[in-house]
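# Notes for the structure review
Chain residues, written in single-letter form:
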Amino acid sequence: MTNSETKATLSFSDGTPSVDFPIYKGTVGPDVIDIRKLYAGTGKFTYDPGFMSTAACNSTITYIDGDKGELLYRGYPIEQLAVNCDFLETCYLLLNGELPDTTQNKKFSDTVTKHTMVHEQMQFFFRGFRRDAHPMAVLVGTVGALSSFYHDSLDITDPHHREVSAIRLIAKLPTLVAMAYKYNVGQPFVYPRNDLSYSANFMRMMFSTPCEEYKSNDVLVRALDRILILHADHEQNASTSTVRLAGSSGANPFACIAAGIACLWGPAHGGANEAALNMLKEIGTVDKIPEFIKQVKDKNSGVKLMGFGHRVYKNFDPRAKLMRETCYEVLEELGLQDDPLFKLAMALEKIALEDEYFVSRKLYPNVDFYSGIVQSALGIPVSLFTGIFAMARTVGWIAQWNEMISDPEQKIGRPRQLYIGSPSRNVKPLAERG
Ligand code: SDX
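Residues numbered from 1 in each chain as written. Predicted model: local features only at pLDDT ≥ 70, side-chain atom pairs only at ≥ 80, totals over all residues. Heavy atoms only, no water.

## A few points about the packing of aromatic side chains
Test applied: For Phe, Tyr and Trp, rings pair up if their centres lie within 6.5 Å, where Trp contributes its six-membered ring, and each pair is then called stacked (planes under 30 degrees apart), edge-to-face (over 60) or tilted (otherwise). Under the DSSP-based scheme used, a helix requires at least four consecutive residues in state H or I and a strand at least two consecutive residues in state E, with every element numbered from the N terminus. Under the scheme applied here, a residue whose accessible area is under 20% of the maximum for its type counts as buried, over 50% as exposed, and between as partly exposed, the area being computed with a 1.4 Å probe on protein chains only. Think of it as a cone above the ring: NZ of Lys or CZ of Arg counts as a charge over the ring if it is within 6 Å of the ring centre and within 35 degrees of the ring normal.
A complete count under the given rule lists 14 aromatic pairs for this structure. Here Tyr92 and Phe108 contribute two aromatic rings whose centre-to-centre distance is 5.5 Å and whose plane-to-plane angle is 85°, an arrangement assigned as edge-to-face. One end of the pair, Tyr92, is in helix α3 (residues 87–96); the other, Phe108, is in helix α4 (residues 102–113), with 16 residues separating them in the sequence. Residue Phe108 is classed as buried on the basis of its relative accessible area of 8%. When the centroid spacing of 5.0 Å and the interplanar angle of 85° are considered together, the rings of Phe369 and Tyr370 count as edge-to-face. Tyr370 carries the same exposure label as Phe369, and that label is buried. The cationic tip of Arg131 hangs over the ring face of Tyr183; the distance from NZ or CZ to the ring centre is 4.2 Å. The ring of Tyr357 is capped by Arg361, whose NZ or CZ atom sits 3.8 Å from the centre of that ring.

## So, helix α10 (residues 238–247)
Because each turn of an α-helix spans 3.6 residues, side chains separated by three or four positions in sequence point in the same direction. Quick reminder of the rule: As used here, the arc belongs to the directions running from the helix axis to the C-beta atoms. Two residues qualify as a contact provided that any one of their heavy atoms is within 4.5 Å of a heavy atom in the partner residue.
For α10, the set of buried residues is Ser239, Thr240, Val243, Arg244 and Gly247. For α10, the arc enclosing every buried residue in end-on projection is 145°, short of the 170-degree limit, so these residues lie on one face. Along its buried surface, α10 packs onto α11 (253–264) and α18 (385–405).

## Quick word on the side chain of Thr394
For Thr394, the position within the fold is in helix α18. Excluding its chain neighbours within four sequence positions, the residues that come into contact with Thr394 are Leu169, Ile170, Leu173 and Ile257.

## Describing the state of the cysteines
Rule in force here: Here, the term disulfide refers to a pair of cysteine sulfur atoms separated by no more than 2.5 Å.
Scanning the entire structure with this criterion turns up zero disulfides. No disulfide involves Cys57; its sulfur sits 15 Å from the nearest other cysteine sulfur, which is in Cys256. Taking the relative accessible area as the measure of exposure, Cys57 reaches 30% and is therefore partly exposed. Take Cys91: it sits in no disulfide, and the sulfur closest to it among the cysteines is that of Cys85, at 11 Å.

## Some thoughts on the sheet that holds strand β2 (residues 19–25)
Rules: The criterion for strand pairing is that DSSP finds at least two bridges linking the strands in question.
Spatial strand order, β1-β2-β3: three strands in an open sheet with antiparallel pairing. The open sheet is flanked by β1 (2–10) and β3 (32–33), the only strands paired with a single partner. In terms of strand pairing, β2 meets β3 through two bridges, oriented antiparallel. Of the residues in β3, the one forming a bridge with Ile23 is Ile33.

## Some thoughts on unusual backbone geometry
Non-glycine residue Phe51 carries a positive phi angle of around 55°. Examined against the element boundaries, Phe51 turns out to sit in the loop between α1 (38–42) and β4 (62–65). Taking relative accessible area as the criterion, Phe51 reaches 57% and is therefore assigned exposed. Residues other than glycine seldom take positive phi values, yet Glu235 does so here, at roughly 60°. In this fold, Glu235 is placed in the loop between α9 (218–230) and α10. Classification of Glu235 as partly exposed rests on a relative accessible area of 26%.

## A word on the site of the ligand
We count it as follows: If a single non-hydrogen atom of a residue is within 4 Å of a molecule or strand, that residue counts as near it. Between N or O atoms, a polar contact is any pair within 3.5 Å; within protein, one atom must be a potential hydrogen donor and the other a potential acceptor, and residues adjacent in sequence are included only when both atoms are from side chains. Surface exposure here means Shrake-Rupley accessible area, sampled with a 1.4 Å probe, where a residue is shielded only by the protein chains that are shown. Lys, Arg, Asp and Glu make up the charged group, whereas Ala, Val, Leu, Ile, Met, Phe, Trp, Tyr, Cys and Pro make up the nonpolar group; the residues left over, Gly among them, are polar.
In the vicinity of the ligand lie 24 residues, with His234, His310, Arg311, Arg319 and Arg393 positioned nearest. Side-chain polar atom of His269 to an oxygen atom of the ligand: 3.0 Å apart, as the coordinates give it. Interatomic distance of 2.6 Å between a side-chain N/O atom of His310 and an oxygen atom of the ligand. Considering the ligand on its own, with 1,100 Å² of exposed area, one finds that the protein chains cover 78% of that surface. Partitioned by chemical class, the residues of the shell around the ligand number nine nonpolar, seven polar and eight charged.

## Thoughts on the nonpolar core
We apply this condition: In this description, a nonpolar core means a group of buried Ala, Val, Leu, Ile, Met, Phe, Trp, Tyr and Cys residues linked to one another through side-chain atoms lying within 4.5 Å.
Counting residues in each nonpolar core, the largest one holds 117 residues, and the members touching the most others are Leu176, Leu305, Leu348, Leu378 and Ile388. Leave out the neighbours within four places in its chain, and Leu176 touches Val118, Met122, Phe126, Leu139, Thr142, Val143 and Leu146. Residues Ala8, Val19, Ile23 and Leu38 belong to the second largest nonpolar core, which totals five residues.

## Brief notes about the pattern of salt bridges
Where side chains of opposite charge bring their charged atoms close, a pairing between them can arise. Worth spelling out the cut-off: Between Lys or Arg on one side and Asp or Glu on the other, a salt bridge is scored when a side-chain nitrogen of the former is within 4 Å of a carboxyl oxygen of the latter.
In this structure the tally under the stated criterion is 14 salt bridges. When the shortest N-O distance is used, the salt bridge between Asp34 and Arg36 registers 2.7 Å. Between Asp132 and Arg130 there is a salt bridge, with the nearest N and O atoms lying 2.6 Å from each other. Look at Asp132 and you get exposed, because its relative accessible area is 51%.

## Quick word on the sheet that holds strand β6 (residues 76–77)
Here we have three strands laid out as an open sheet, ordered β4-β5-β6, and antiparallel in their pairing. Each edge of the sheet is formed by a strand with only one pairing partner; in this case those strands are β4 and β6. Bridge analysis of strand β5 (residues 70–73) against β6 gives two bridges, and the strand direction is antiparallel. When the sheet's bridge partners are listed, Leu72 is paired in β6 with Pro77.

It is worth stressing that arrangement in space is one thing and function is another; only the former is reported here.
Okay, here's the thing in structure tokens:
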């Protein structure tokens, strides 16, 4: 972060003295105006609901250019990482800032593998849930419960403790997501295996049963691994901001990640892949698309084109292109090229991309539009799509949390407000209130 020669001057039309603010430049992307002294200098707050124009922190982890459709993890384009690396290499990069060499990669992979089991007591948390509980409710509960196993042995000011927490979370999320699935379908939990890769281990914990040998499909494992890479981090999105805000109070990382999972569940955020697939099922056939689009354009309908639009990307989400490629690969491997949902999605995408309503609002397919179709083809139930997203985003959340906790300037996050409620007034005792 470097000081710009330019400064920002805030002047007022009522003669209040103007105030100057420093401007900082990043490596790339918009400059920022440091308004930390605004309230002390003017007695006023800024007003930015939804943080449309607010940088909440500085970060070295992920950069997005919404106009160019660019996404960099530690400076590496997502298109290159998705082709040249696997998910654990990407985890190493997000956590440490550099891609691992062969020795570092082996050590990191072995360390994560050795933390994939959860405490045997964890299985009893599942029994409190109904079998048909939404997996995200189960994950919020069980990941939060991990706090109880490590809270006392966790000093978040100790970099080694933070590193071990990051490894534990990255390693145990697949186990907990698979356990949530097995609990839901009434099958026995499957223990992780140390001779399998991260994604192969997850697929086996999800789909193997004690009744027969499970043979994993390398194309499908690679597809899942790519889904995890594409969802690993995404700057200061709603759930990452939730993790940072929770972490700013000094809460332990397991509780912070549980808060991130809760936020990701929302259909406007990580729940969009589940919502997008349900939307495709609701439309049903290509000839029903025009009627649906008409509903979307009717503001009173409250109907949105799920999997379209993005707060930052006002061009194609680069992850959506890669996800579409993965879609083709998986459907071809499974002989589902004529999958009706995929055909419907392609038709809907074509129509939306040619429709002035969406073009004028810069609404393009985002990562969630195709990820649901791929996950459906992999045999993952719709209700678990966001759980997979949470499994992938855990590394991004914990890398951002770690960056915040290790920042000497870090303070507890405490936004202010514009109060528009009642002025001060006196309480009347009940008897006098009639
Ligand atoms: C993720 O932040 C991240 O980085 C998130 C994420 C990540 O990796 O962490 O990328 C993951 O959350 C992707 C987004 C998944 N959500 C969806 O697909 C749900 C559908 N999309 C929308 O709900 C919406 O697009 C948002 C929430 C994603 C963005 O909301 P904004 O920023 O408030 O949308 P906008 O201001 O750009 O909208 C501009 C206009 C508005 O209409 P007008 O008031 O101008 O008439 O477009 C409309 C919006 O109503 N609009 C849509 C729409 N999205 C925006 N209209 C129909 N369908 C949509 N999907």
